[in-house]
Amino acid sequence: MTGDFTKFSDDSIWDSRLSDKDPASALEFLNNPENLRFFATGLTELIQKYGYQGDPDDIDARTSFLYDKLSAIGVKISKNTIKSWFGERQPYVDRNGCTKIYERRPYFSNNSRSKMFQICFALSATFSDTKWFFHHVYFDRNFNCHCIEEAVYYYCILNRLPYARAQELITVINSYPEIEKPDNSNTVYTQDIINFMENCSSEEKLLHYFKENKYAFRHWNQTALRQIHAMLDLIQGKPSDRTTLDAFIAGKSISEEEKKQCGLVIQEYFKCARNIRLGKLSFKQIASQDFMLRQMIVTDSGLPKETHIPTLVKRNFPSKHTLGHIIKDGDTSTNYNEIRKCLILLKFYYFWVTLRLKPEKTYGNLFDFYCAETDALLISCNYEPLYSGNPYDWLFLTASTMEEPLDFLRGVIYNLEYSKEIE
């Protein structure tokens, strides 16, 4: 696959026109459709690699090519749906008078994920190109190997087996009786399943593995949830912080040790209060996620539909609603986009606020350190690393090039919130 767009997006986060003093410059970049890779562009690039030789701008020709490929493996997706994926980007003016570009992009859902895998099977895409398509075009997790269907897809695409055989294997596995987790058995992590798939030498061994371990395919996201809870425990305020906070506001002397016992959002307030960076604390429930999010990123309600920023940024943007959903149903949730965005936000805040709270200046290439730590976190949770071509990731990467990353991100969101209020 061509790396031209990736090089462009990597370079763009260092664009001199983006400034600490002008967070709105980031919005100008993101709202320029020429700076984004649309789904149609990436899908066209994929089919060109696997046999399409027609006009890259001919929607009907591209639609027919992919429709025929899907039909050949027994998959029925309507021509209208496929055509919409290749559809032209249509400018329109929203109710607030802002010009936007409408793009028909598959949703982040089980149904859409299945279609994306079917496209890769229909084209006989390699394992690496399938991962590229999910990471760089569809912008979602590629394989959740704790799900029977996707674990089988992992094995079949890796071993160049056809879609029909994958469906046969899934049918056999689903016919096996449900079993309970044996006593004293070890937890089966996603990486354990991946390691098995990559070293499995026969379908017989594959089927035996599923038969013996079927109990392990009912829940997932365990590592991601542990990491989210661990970061929340450090960041979120605690009921006991109220006493320390009240004493600080009253002008009483507070020891550094007392401050360090508080959540990071409270510690940041102590550090920055004299600079009025975070404003006054008016929220009573300082242990709530609402309060935490407002201190971290100005808003606790996410980014509404009318917000003038690409849908890929505002859809599933972390909020009290998405956090609540992750905490309640994260171990069976297939909204991987929601979970990944939460991981990125929490890690971003934790990394940069920890540096802000240090009494001494930290030297070195902090941007590289941030990227390395965030990528390591995402990969450990079996999510894709940061990618500058993804508008959501681009926002956090760009903020991390600034002198004050936290303030820059808050400035971007404040600009969105302020423009929403005055419209």
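Calculation notes
- Residues numbered from 1 in each chain as written.
- Predicted model: local features only at pLDDT ≥ 70, side-chain atom pairs only at ≥ 80, totals over all residues.
- Heavy atoms only, no water.
- Phe/Tyr/Trp six-rings, centres within 6.5 Å; stacked < 30°, edge-to-face > 60°.
- Lys NZ or Arg CZ within 6 Å of the ring centre and 35° of its normal.
- pLDDT = per-residue confidence, 0-100.
- Contact = heavy atoms within 4.5 Å.
- Helix = DSSP H or I, 4+ residues; strand = E, 2+ residues; numbered from the N terminus.
- Polar contact = N/O pair within 3.5 Å; in protein donor to acceptor, adjacent residues only side chain to side chain.
- Core = buried A, V, L, I, M, F, W, Y, C linked by side-chain atoms within 4.5 Å.
- Buried < 20%, exposed > 50% of the residue type's maximum accessible area, 1.4 Å probe, protein only.
- Axes fitted to C-alpha atoms, helices over the stretch in contact; angles between N-to-C directions.
- Parallel < 35°, antiparallel > 145°, perpendicular 65-115°, else oblique.
- Nonpolar A, V, L, I, M, F, W, Y, C, P; charged D, E, K, R; others polar.
- Salt bridge = Lys/Arg side-chain N within 4 Å of Asp/Glu carboxyl O.

## Observations regarding the packing of aromatic side chains
- Tallied over the entire structure, the rule returns 33 aromatic pairs.
- Positioned above the aromatic ring of Y67 is the side chain of K79, whose terminal nitrogen or guanidinium carbon lies 5.2 Å from the ring centre.
- Positioned above the aromatic ring of Y383, the side-chain terminus of R141 is 4.5 Å from the ring centre.

## Regarding the confidence of the model for the chain
- Chain-level statistics for the chain give a pLDDT mean of 90 and a share of 91% at 70 or above.
- Taken together, the stretch residues 275–279 has pLDDT below 50 and engages in nine contacts with residues farther than four places along the chain or on a different chain.

## Thoughts on the side chain of Q118
- Inspection of the secondary structure puts Q118 in helix α6 (residues 110–122).
- Here the side chain of Q118 touches Y163 through a polar contact of 3.0 Å, side chain to side chain.
- Those residues in contact with Q118 that sit more than four places away from it in its chain are L70, I73, V75, I77 and Y163.

## What to know about the side chain of T6
- Mapped onto the elements, T6 comes out in helix α1 (residues 4–12).
- Within the structure, the side chain of T6 is placed 3.3 Å from the side chain of Y387, a separation counted as a polar contact.
- Setting aside chain neighbours within four positions, we find T6 in contact with H136, Y387 and S388.

## Observations concerning the nonpolar core
- One finds I235, M296, L343, Y370, F396 and L409 to be the most contacted residues of the largest nonpolar core, which totals 70 residues.
- Beyond its immediate chain neighbours, meaning those up to four positions away, M296 contacts I235, V265, L345, L346, Y349 and R410.

## Comments concerning unusual backbone geometry
- Of note in the backbone geometry, R160 takes a positive phi value of approximately 60° without being a glycine.
- Tracing the backbone through its elements, the reader meets R160 in the loop between α8 (148–158) and α9 (163–175).
- Even without glycine at this site, V298 takes up a positive phi of about 80°.
- Within the secondary structure, V298 is located in the loop between α16 (289–297) and α17 (311–314).

## Quick word on the packing of helix α19 (residues 336–357) against helix α21 (residues 391–399)
- Packing of α19 against α21 brings their axes to within 11 Å, and their N-to-C directions diverge by 5°. Of the possible angle classes, the one that applies to α19 and α21 is roughly parallel. Contacts between α19 and α21 involve R340, K341, I344, L345 and F348 from the first element and Y392, D393, F396 and A399 from the second.
- Within the contact of α19 with α21, the residues separate by chemical class into six nonpolar, no polar and three charged.

## What about the pattern of salt bridges?
- Under the criterion given, the structure shown has 23 salt bridges.
- Of the charged contacts in the structure, one is a salt bridge between D11 and K7, with a shortest N-O distance of 2.9 Å. Within this pair, D11 and its partner K7 are both found in helix α1, separated by four residues, close to a single helical turn.
- The exposure class assigned to D11 is partly exposed, which follows from its relative accessible area of 43%.
- Ionic pairing is found between D407 and R356, a salt bridge with its closest N-O pair at 3.1 Å. On the criterion of sequence distance, the pair formed by D407 in helix α22 (residues 405–422) and R356 in helix α19 is long-range, its members being 51 residues apart.

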